[in-house]
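# An overview of the molecular structure
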Amino acid sequence: MGVSHISNRSENKSERWSRRGVLTVLGVVPAAVLTGCSGSAGAAETSSSSGASATASAKAAKVPTVTVLPADGTKKAGFTTPVEVSVTDGTLATVKVTGNDGSTLAGTFNAAKTKWTSSKNPYSGTKYTVAAQAQGAAAKTATFTTKSPGETFVGYFTPEANSTSGVGMPVSINFTHAVKDRAAVQKAITVTAEPAVEVVGHWFSDTRLDFRPETYWAAGTKITLSLRLKDVEGQDGIYGIQSKDVTFHIGREQISTVDLSSKEMVVKRDGKTLATYPVSGGNAQHTTWSGIMVISERFKQTRMESSTVGLGDEYDISDVPHAQRLTTSGTFVHGNYWASTSVFGNENTSHGCVGLHDAKGANDSSVAGYKFYDSSMLGDVVIVKNSGEKTVAADNGLNGWNLSWANWKAGSAV
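Residues numbered from 1 in each chain as written. Predicted model: local features only at pLDDT ≥ 70, side-chain atom pairs only at ≥ 80, totals over all residues. Heavy atoms only, no water.

## Some thoughts on the environment of V232
Quick note on the threshold: Strands here are runs of E lasting at least two residues and helices are runs of H or I lasting at least four, both read from the DSSP assignment and numbered beginning at the N terminus. The cut-offs for exposure are 20% and 50% of the maximum accessible area for each residue type, with area from a 1.4 Å probe on protein chains only; residues under the lower value are buried, those over the upper are exposed, and the others partly exposed. A contact between two residues is defined here by any heavy atoms of the two lying within 4.5 Å.
For V232, the position within the fold is in the loop between strand 16 (222-228) and strand 17 (233-235). For V232, a relative accessible area of 14% puts it in the buried group. Taking the C-alpha atoms as reference points, V232 and F153, separated by 79 residues in sequence, lie 9.5 Å from one another. Residues in contact with V232, not counting those within four places in the same chain, are F153, A184, V185, A188, I238, Y239 and G240.

If you want it as structure tokens, here you go:
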């Protein structure tokens, strides 16, 4: 470098330099130039070393900062968004979120492990403790409490928990508030069967959701209803509050077929004929619904008034024996002690119910009404044909079996 510099100067002022002078300069200058370069490199090295040391010290001085959302101490935190834990100037090692109800919130880290997000939202009305630790730093603890929802809804279900029912019993849920977001609510409810079978939900209205398989349940099936409705928004500002599992059982298979042309009922148990009874159905003015019906209520004795089914004051019987409900609209299969024995098997004389010969007081075990009641349970199937009436509506009682599988599935929101 030094030689080139002198060469340039000699080109500009050659008349002022002799050859010897140039040689003399060439003999001296390189040492000075090299010395100068050596001094400059040393200074640069010292400056660089000093800067790196300062940067390392600055980095060493930074401590990871952990931030929790909702913030520590929040009293009425929202419950419709996930919990987030983030760190600056470091990476997260562990995060644990625990509710005062004993529940925990699982979550995942991002690729850089600078952020953790809960997989689900926190529950309402719950106090949470967040324990988070960054690599190489002390653990941080934060607490927050979520607010309670303003309005809530629940689903009342049939059958009862731990009960045993017939093969026709659907799982029917009635909600205390109309559901606007049917998909969100249905996704929060599952019905599973052992042995396994596809079970699908069908909305009959904004307040009723039923579940059933394609065909009747197999005898001996165990059914589990899982409700995960807590904090699910059924409609604006109205949230579910249930989080529970319920089990039901299916007993033996009993299917009874009522033919109102021949006026008899054939009862089959597990595919074999158990009994045949003479019956009387609805008369020409008050025909009995046809189709597949499921026993939804049972009474050893009950009062029946015509005014409750829109028939004025035609009858009022305080002690109808062995009554089993088939429709919400008032169709029963029941005992009848007030009609002549000769009516059964020969005439259809009722106001729409299916009647069997019975005795007043409901205690005579020798009569058909008693025997059929004694052999039945909730969820048993009763099929009525040749009644002269159209098929009962699927939502009139627990009678969704009258819908084809395709139509049933079309009523699902998921």
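From this point, things continue past the structure.
## Section: the sheet that holds strand 16
The cut-off we apply is this: At least two bridges found by DSSP between two strands are what make those strands a pair.
Spatially, four strands are ordered 11-19-16-13 in an open sheet, and the strand pairing comes out mixed. Taken across any chain shown, the strands that pair with only one partner, and hence form the sheet edges, are strand 11 (164-165) and strand 13 (189-194).

## Digging into the nonpolar core
To be explicit about the condition: As used in this record, nonpolar core signifies buried Ala, Val, Leu, Ile, Met, Phe, Trp, Tyr and Cys residues forming a set joined through side-chain atoms within 4.5 Å.
Within the largest apolar cluster, 32 residues are counted, with the highest numbers of intra-cluster contacts made by F175, V185, I189, V191, F211, L225 and L229. Counting only elements with at least two residues in this core, the list comes to strand 12 (171-175), strand 13, strand 15 (208-212), strand 16, strand 19 (243-250) and strand 23 (291-294). Residue contacts for L229: discarding those within four places in its chain leaves F153, F175, V185, A188, I189, G240, I241 and Q242.

## Quick look at the side chain of Q254
Our working rule: Whenever two N or O atoms come within 3.5 Å, that pair is a polar contact, provided that in protein one can donate a hydrogen and the other can accept it, and provided that, for residues adjacent in sequence, both atoms are side-chain atoms.
The topology assignment puts Q254 in strand 20 (residues 254-259). By relative accessible area, Q254 is classed as buried at 1%. One polar contact links Q254 to R269, side chain to side chain, over a distance of 2.9 Å. The residues touching Q254, leaving out its near neighbours within four places in the chain, are V267, K268, R269, L274, F372, S375, S376, D380 and V381.

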